[in-house]
Amino acid sequence: MIIGPGCLEGECPSPAPLRSEINRALLVAVGLQPWSFRGEPVGWATPGLLPFFESQLDLDESGLAAREQRLRQAASVVGLTGWRDERQRLIGASGQVIFGDDGRPVALERSLFRPLGLLAQSVQLNARAPAGSYWVARRSHQKAIDPGLWDSCVAGGLPSNETPDQSIQREAREEAGIHGFAPESLRLWGMVRVARMVEDLLHIERVWVYEWNAPSDWQPRPEDDEVMAVDCWSRADVRAAWSEGRFNHEAAAGLLAPVSSIDGARHSSQPA
């Protein structure tokens, strides 16, 4: 497991970029191939998708769009399931969002991020109960990723059309019934970056971790069907469940990693 702070220049108040490294030799050994966008490394393609690159491992906007369309048409053939019609921003090796010719961020279908080894982004809310434990939620068995596992109180992918602050507000409403936060009650802890192999795919995710001190009489009230149970756990409970494979990996990182060690982590966020 690789858990490390991923607060990168231009994305948070930290004056010095922090990175978690990926073992390139290991990825090559399992058949993944690095690919680039306009010369900047962005991902690692799984062997099953390499034919769609047609030996062109450095793409421009039109090339990326054409391959995305082909992959959508052949999704069932290459084992891609759960096409979401939700897009996330393309991020380069520098940690910066990549922009297209029109000045807008380049984005790609979310379900392609693992098969293409791209850095995905998500938001997470650690809702702390007055006794010092944390509210956690159990994922529905209908979820495509990690069904039935325990998770943070609120978590979700960061769409290309939202800032982290906007996304956490929406997710909090949908997954916990929080209709707005009191002024200054929500703060950005910092970020963690997690990299791991999921079967033969590379999963890399940068999690924007928010902290909220929940009122004593509050408990989550999910407004969608993505959560089937809620409970209050200590960090020791979370660690034990994670070690037993019962807790979502990225959510555990956001609760257990030493986020407070990131410079500037307790300042207000300035999302890219």
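As a starting point, this report considers the structure included with it. (Residues numbered from 1 in each chain as written. Predicted model: local features only at pLDDT ≥ 70, side-chain atom pairs only at ≥ 80, totals over all residues. Heavy atoms only, no water.)

## Remarks on empty space enclosed by the protein
Throughout the structure, instances matching the rule amount to two cavities of 30 Å³ or more. Of the volumes computed, that of the second largest cavity is approximately 70 Å³. In this structure, the second largest cavity is lined by Leu49, Phe52, Phe53, Leu59, Leu64, Arg67, Glu68, Leu71, Leu108, Leu112 and Leu116. A per-element tally of the lining of the second largest cavity places helix α2 (residues 61-73) first, with four residues. (1 Å grid on protein atoms, 1.4 Å probe; cavity = no way out; pocket = protein on both sides within 12 Å on 5 of 7 lines; lining within 4 Å. Points joined across faces, edges and corners; volume = space filled by probe spheres on them. Helix = DSSP H or I, 4+ residues; strand = E, 2+ residues; numbered from the N terminus.)

## Quick word on the nonpolar core
Counting 22 residues, the largest nonpolar core has Trp35, Leu64, Leu90, Leu116 and Leu118 as the members making the most contacts within it. When contributions to this core are tallied by element, the ones reaching two or more residues are β2 (33-37), β3 (40-45) and α2. Contacts of Leu118, omitting those with residues within four sequence positions, involve Trp35, Val42, Gly43, Leu90, Leu108, Phe113 and Ile204. With 20 residues, the next largest nonpolar core counts Cys153, Ala172, Leu188 and Ala214 among its residues. (Core = buried A, V, L, I, M, F, W, Y, C linked by side-chain atoms within 4.5 Å. Buried < 20%, exposed > 50% of the residue type's maximum accessible area, 1.4 Å probe, protein only. Contact = heavy atoms within 4.5 Å.)

## Points about the pairing of strand β10 (residues 154-157)
Here β10 shows two buried faces, one formed by Val154 and Gly156 and the other by Ala155 and Gly157. Both strand β7 (residues 119-128) and β10 contribute to a ladder of four bridges, which runs antiparallel. Within β10, the position partnered with Val123 by the bridge is Gly156. (Pairing = 2+ DSSP bridges.)

## What to know about the side chain of Arg139
Mapped onto the secondary structure, Arg139 falls in strand β8 (residues 134-139). Classification of Arg139 by relative accessible area gives buried; the value is 13%. Of note is the side chain of Arg139, whose polar atom sits 2.7 Å from the backbone oxygen of Ile145. Look past the residues within four positions of Arg139 in its chain and what remains in contact with it is Ile145, Asp146, Pro147, Gly148, Leu149, Asp151, Glu226, Met228 and Asn248. (Polar contact = N/O pair within 3.5 Å; in protein donor to acceptor, adjacent residues only side chain to side chain.)

## Here's the deal with the environment of Leu32
As for its position among the elements, Leu32 is in the loop between α1 (24-29) and β2. A residue is classified by how much of its surface remains accessible, and Leu32, at 1% relative accessible area, is buried. Along the sequence, Leu32 and Pro115 sit 83 residues apart, while their C-alpha atoms lie 9.6 Å from each other. Ignoring any residue separated from it by four or fewer positions in sequence, one finds Leu32 in contact with Leu27, Trp44, Ala45, Thr46, Pro47, Met197, Asp200 and Leu202.

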